[in-house]
Amino acid sequence: MNSSFIDLSKLTANDDLKPVLGGKWPGIQIYYPPIKFNPLDGTYETMEQAKYRLQKHAYKTKAHTVLFDLEDGCRMKDMSRKLLIEELPKFPERDFQIAIRINPFRTHEYDEDLKMIKKVHKYIDAIVLAKAGEVYGDAEIRDLSSWLVSIGSNLQIQPIIEHPKSLQIADKLMSHSTVQHVVFGIHDFSKAMAYKITAEGWIEELKTFFNMLTMQARIKGKGVIGGVEVLLTPNSLPDSCVEKKRLEDGWTCMETMLQDMFMLMLRQKRQWDLRENK
């Protein structure tokens, strides 16, 4: 039965929620940079360091989905793709999903992302399409869906709604069978609307647009991934660093943030001590 005809008030924990949630629930998604930027020393990981971190943290995540980011949160794109090609087939048996956020449709990086996905599609569950529909409309989903069929893949596509143009055609983006969930990209969407949002109040601040999106999803029987909560280390990141607004680590992001905060406090204390001794 289409979820738009289900009486939600009568659902129980024993009911099959897939028709309501748009298939398997993606749940809490951890944005995971394949190659991590270290703000303390201003360098990127080596391949060996990235492999070690992935095996240590991504293998054991308690999130529902690990989302490997190849777009805004990834500057070392070629190196990141190479890492995923080598490491995704090595993942042990897992009870979470793996998704990959790829670059906008028909860009050079998008083409490179598809070459990678052709090699590893058996080891992932979903493609998250950045800036979906902003240039070519829902034809982006149509063409990507056709390409998936051509390589024999049944991956889901999760379009990110990051612009009013995409919100306007959200119903068309959700009309494709490959789409079971859409993502509300609150940061880029708010920038496109010239809205200043806050970490504590974005749900209320973008409520009108979020309601518009959820209404369309309800009609289409699809799910909505609500928004992205961003944790940053207190260390200042350079403006040229594309990771500036992205999640710095997977499961241990809070631990990393506290460690960095402690190191920053030590540095500041040493600087103050030196000034006082002069």
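Calculation rules
Residues numbered from 1 in each chain as written. Predicted model: local features only at pLDDT ≥ 70, side-chain atom pairs only at ≥ 80, totals over all residues. Heavy atoms only, no water. Pairing = 2+ DSSP bridges. Helix = DSSP H or I, 4+ residues; strand = E, 2+ residues; numbered from the N terminus. Axes fitted to C-alpha atoms, helices over the stretch in contact; angles between N-to-C directions. Core = buried A, V, L, I, M, F, W, Y, C linked by side-chain atoms within 4.5 Å. Buried < 20%, exposed > 50% of the residue type's maximum accessible area, 1.4 Å probe, protein only. Contact = heavy atoms within 4.5 Å. Arc of directions from axis to C-beta. Parallel < 35°, antiparallel > 145°, perpendicular 65-115°, else oblique. Nonpolar A, V, L, I, M, F, W, Y, C, P; charged D, E, K, R; others polar. Salt bridge = Lys/Arg side-chain N within 4 Å of Asp/Glu carboxyl O. pLDDT = per-residue confidence, 0-100. Phe/Tyr/Trp six-rings, centres within 6.5 Å; stacked < 30°, edge-to-face > 60°. Lys NZ or Arg CZ within 6 Å of the ring centre and 35° of its normal. Polar contact = N/O pair within 3.5 Å; in protein donor to acceptor, adjacent residues only side chain to side chain.

Quick one: what's the story with the sheet that holds strand β5 (residues 97-102), residue by residue and with numbers?
Across the sheet, which stays open at both edges, the seven strands sit in the order β1-β4-β5-β6-β7-β8-β9 with parallel pairing between neighbours. At either margin of the open sheet sits one strand with a lone partner, and together these are β1 (29-32) and β9 (223-225). Looking at each pair of strands side by side, their axes are set apart by 25° on average, direction ignored. In this sheet, strand β4 (residues 65-69) lies alongside β1 in parallel orientation, the contact comprising four bridges. Bridge pairing links tyrosine 31 to leucine 67 in β4.

Explain the nonpolar core to me, using residue names and the numbers behind them.
One finds Phe68, Leu88, Ile100 and Ile102 to be the most contacted residues of the largest nonpolar core, which totals 51 residues. With five residues, the top contributor of residues to this core is helix α4 (residues 108-120). Beyond its immediate chain neighbours, meaning those up to four positions away, isoleucine 100 contacts Leu67, Phe68, Leu70, Leu84, Leu88, Met116, Ile124, Ala126, Ile127 and Val128. Within the second largest apolar cluster, eight residues are counted, among which are Tyr31, Leu67, Ala126 and Ile225.

Before we move on, can you summarise helix α2 (residues 47-57) with the specific residues and values?
The complete set of buried residues in α2 reads Met47, Ala50, Lys51, Arg53, Leu54 and His57. Mapping the buried residues of α2 onto a view down its axis gives an arc of 165°, with all of them on the same face. Relative to its buried face, α2 has exposed residues pointing more than 90 degrees away, namely Glu48 and Tyr52.

Tell me about the packing of helix α3 (residues 77-87) against α4, residues and numbers included.
Running from N to C, α3 and α4 point in directions that differ by 10°, and their axes come no closer than 10 Å. Taken as axis vectors, α3 and α4 run roughly parallel relative to one another. Along its contact with α3, which presents Lys77, Arg81, Leu84 and Ile85, the element α4 presents Glu109, Glu112, Asp113, Met116, Lys119 and Val120. When its residues are assigned to classes, the contact of α3 with α4 shows four nonpolar, no polar and six charged.

I'd like a description of the pattern of salt bridges, backed by residues and values.
In the structure shown here, the tally under the stated rule is 16 salt bridges. Between lysine 131 and aspartate 188 there is a salt bridge; the shortest N-O distance is 3.7 Å. One end of the pair, lysine 131, is in the loop between β6 (126-129) and α5 (139-150); the other, aspartate 188, is in helix α8 (residues 186-192), and 57 residues separate them in sequence. Classification of aspartate 188 by relative accessible area gives buried; the value is 16%.

Now, about the confidence of the model for the protein chain: what can you tell me, with residues and values included?
Put simply, the protein chain has an average pLDDT of 82, and 73% of its residues get 70 or more. Here residues 231-238 is a poorly scored stretch, pLDDT under 50, and it has 29 contacts once near neighbours within four places are set aside; other chains count. Under a pLDDT of 50 for its full length, residues 240-264 has, in the predicted model, 76 contacts with residues more than four places off or in other chains.

Give a detailed account of the packing of aromatic side chains, specifying residues and quantitative values.
Throughout the structure, instances matching the rule amount to 11 aromatic pairs. The interplanar angle of 75° and the centroid separation of 6.4 Å between the aromatic rings of phenylalanine 91 and phenylalanine 96 together place this pair among those described as edge-to-face. For phenylalanine 91, a relative accessible area of 12% puts it in the buried group. Ring-pair connections join several aromatic residues into one group, and the members of that group are Tyr32, Tyr59, Phe68, Phe91 and Phe96. The lysine or arginine in question, arginine 94, covers the ring of phenylalanine 96, its NZ or CZ lying 5.9 Å from the ring centre.

For the environment of glutamine 180, give the residues involved together with the corresponding values.
Summarising the element assignment, glutamine 180 is placed in the loop between α7 (170-173) and β8 (181-184). Along the chain, glutamine 180 and alanine 217 lie 37 residues apart, while their C-alpha atoms are 9.3 Å from each other. Of the polar contacts made by the side chain of glutamine 180, one reaches the backbone oxygen of serine 177; its length is 3.2 Å.

Which residues make up unusual backbone geometry, and what values go with them?
The phi angle at arginine 106 is positive, at roughly 60°, despite the residue not being glycine. Inspection of the secondary structure puts arginine 106 in the loop between β5 and α4. Of note in the backbone geometry, alanine 194 takes a positive phi value of approximately 60° without being a glycine. Relative to the helices and strands, alanine 194 resides in the loop between α8 and α9 (202-205).

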